[in-house]
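Below are the chains, spelled out letter by letter.
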Amino acid sequence: MHYSSILPDVIRIADEASERVLHIYESDFKVRYKDDNSPITAADEASHEVIVKGLRALSRDIPILSEEGKDIPWAERQGWRRFWLVDPIDGTRDFTQRTGEFTVNIALIEDGEPVMGVVTAPALKEAFWGVVGEGAYKRDRSGHVHRIRVAEPKAAKRVVASKNHMNEPTLAFIEALGEHELVQAGSSLKFCRIAEGHADIYPRLGPTSEWDTAAAQAVLVAAGGRVETLDGAPLRYGKENVLNPNFVAAGSWYF
């Protein structure tokens, strides 16, 4: 499959979802809570609808797994060699707190790996995308598009983390790195900050789901980075249990 040929359409779909999300973000939206006590808003649902409709029109033969979609039994999913993995809004808490650090995420998974990803940050007016093996790009607030690449870190490693998910194991990991600087970022932007060379490492020693990480992982890997579990195994997708193990995302210098 030629991923680059459909990438512009995926970016367009993400942009359309971002417009819907931003319209709701700038309104007096209501927050509801799912059974697991995680927040959800009309923006999550609107983004999901736009993305699913767009992807189905683009590729009817590729199934879609979305955080806000209906549960799809493992008996059906285990036969998927290739599928779209969608997080309509990653960082809903950042959305509800109006920090701007939330993203719209679309990934294409093939044989357990993200091979293409698009991440937009509607409130920041930024977008990132990448095809593994072909490079990664950023579109900034002015609309300028440029290629991005992970940085070679200096002595003080720039550690990207979220104040919403800082726990004792994460603090211990960071301290073990030695001299460091903390770079705050929300949602899947943590991967993207490494991909564009503005941070060096992101340890995630806490729960995430496959849709939280897939699109931004594709961007980071396309930019020369890596994402591995604490045992050195690749972060895999399309599992029966969609929860990710603990992992580290960084430039290749760390691994």
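See the structure above.
Presented here is an overview of the structure given in this document. (Residues numbered from 1 in each chain as written. Predicted model: local features only at pLDDT ≥ 70, side-chain atom pairs only at ≥ 80, totals over all residues. Heavy atoms only, no water.)

## As for the overall build of the protein
Note the threshold: Here a helix means four or more residues in a row that DSSP labels H or I, a strand means two or more in a row labelled E, and each is numbered from the N terminus. With the radius of gyration taken over C-alpha atoms, the globule rule is written as 2.2 Å times the number of residues to the power 0.38. Any two residues whose heavy atoms approach within 4.5 Å at even a single point are treated as in contact. Shrake-Rupley sampling with a 1.4 Å probe provides the accessible areas, and residues are treated as covered by the protein chains on show and by no other component.
Of regular secondary structure, the protein possesses 7 helices and 14 strands. Taking 18 Å as the expected radius of gyration for a compact globule of 255 residues, we find that the protein reaches 17 Å, a close match to that expectation. Dimensions of the protein, computed from the C-alpha atoms along their principal axes, are close to 50 × 40 × 40 Å. Partitioning the intrachain contacts of the protein with sequence separation of at least 6 by distance along the chain shows that 61% fall at a separation of at least 24. As displayed, the protein has an accessible area near 11700 Å², and 48% of this comes from carbon and sulfur atoms.

## Observations concerning the layout of surface pockets
Convention followed: In this analysis a 1.4 Å probe is tested at points of a 1 Å grid over the protein atoms alone, and where it fits but cannot get out there is a cavity; an open set with protein on both sides within 12 Å along at least five of seven lines is a pocket; lining residues have an atom within 4 Å of a point. Grid points are joined across faces, edges and corners, and a volume is the space filled by probe spheres set on the points. Residues are sorted three ways: Asp, Glu, Lys and Arg are charged, Ala, Val, Leu, Ile, Met, Phe, Trp, Tyr, Cys and Pro are nonpolar, and all the rest, Gly among them, are polar.
For the largest pocket, the calculated volume is near 730 Å³. Forming the boundary of the largest pocket are 33 residues, of which E67, D90, R93, H165 and D212 lie nearest the centre. For the lining of the largest pocket, the elements supplying multiple residues, two or more each, are β4 (82-90), α4 (92-96), α6 (189-195), β12 (201-204) and α7 (210-222). When the residues that make up the lining of the largest pocket are grouped by side-chain class, the tally is 8 nonpolar, 12 polar and 13 charged.

## Comments concerning the pairing of strand β10 (residues 157-161)
We apply this condition: Relative accessibility under 20% of the residue-type maximum defines a buried residue, over 50% an exposed one, and the middle range a partly exposed one, all with a 1.4 Å probe and only protein chains included. At least two bridges found by DSSP between two strands are what make those strands a pair.
Counting buried positions along β10 yields 4 of 5 residues, so the element is predominantly enclosed. Here 5 bridges tie β10 to strand β11 (residues 180-184), and the two strands are oriented parallel to one another. Across the sheet, residue V160 finds its bridge partner in β11, namely V183.

## Regarding the nonpolar core
We apply this condition: In this text, buried Ala, Val, Leu, Ile, Met, Phe, Trp, Tyr and Cys residues form a nonpolar core when linked through side-chain atoms within 4.5 Å.
L85, F191, I194 and L220 are the most contacted members of the largest nonpolar core, which totals 38 residues. Where this core is concerned, the elements lending two or more residues are β4, β5 (103-110), β6 (113-121), α6, α7 and β14 (247-251). The dominant element in this core, judged by the number of residues it contributes, is α7, at 7 residues. Setting aside residues up to four positions removed in sequence, L220 forms contacts with V150, F191, I194, A195, G225, R226, V227, A249 and A250. If you look at the next biggest cluster of nonpolar residues, it comprises 35 residues, including I6, V21, I89 and F95.

## Quick look at the sheet that holds β5
Either a parallel or an antiparallel arrangement is found when strands of a sheet pair, and the pairing is made through backbone hydrogen bonds. What counts is decided by this rule: Angular values range over 0 to 180 degrees, each being the angle between N-to-C directions of two axes fitted as lines to C-alpha atoms, with helices fitted over their stretch in contact.
Judged by pairing direction, the sheet is mixed, and its 7 strands sit side by side in the order β3-β4-β5-β6-β7-β8-β9 without closing on themselves. Edge positions in the open sheet fall to β3 (64-66) and β9 (145-148), since each of these has one partner strand only. Between one strand and the next, the sheet's axes are offset by a mean angle of 20 degrees, whatever the strand orientation. For β3 and β4, the ladder comprises 3 bridges, and the chain directions are parallel. Counted as the bridge partner of I64 is W84 from β4.

## Examining the packing of helix α1 (residues 3-25) against helix α2 (residues 42-58)
The line we're drawing: Our angle categories are set so that under 35 degrees counts as roughly parallel, over 145 as roughly antiparallel, 65 to 115 as roughly perpendicular, and the remainder as oblique. In a left-handed crossing the near helix is turned counterclockwise from the far helix by less than a right angle, and in a right-handed crossing that turn is clockwise.
Between α1 and α2, the least distance of the axes is 9 Å, while the angle of their chain directions is 160 degrees. It follows that α1 is roughly antiparallel to α2 by the angle criterion. Two packed elements cross with a definite hand, and for α1 against α2 that hand is right-handed. Seen from α1, the contacting residues are I6, D9, V10, I13, E16, A17, R20, V21 and I24; seen from α2, they are A42, A43, A46, S47, E49, V50, I51, G54, L55 and L58.

## Some remarks on empty space enclosed by the protein
Evaluated as defined, the whole model comprises 1 cavity of 30 Å³ or more. Looking at the largest cavity, its volume works out to about 60 Å³. Along its surface, the largest cavity is lined by A161, S162, H165, M166, T170, K190, Y202, P203 and R204. Here the residues of the lining of the largest cavity are counted per class, giving 4 nonpolar, 3 polar and 2 charged.

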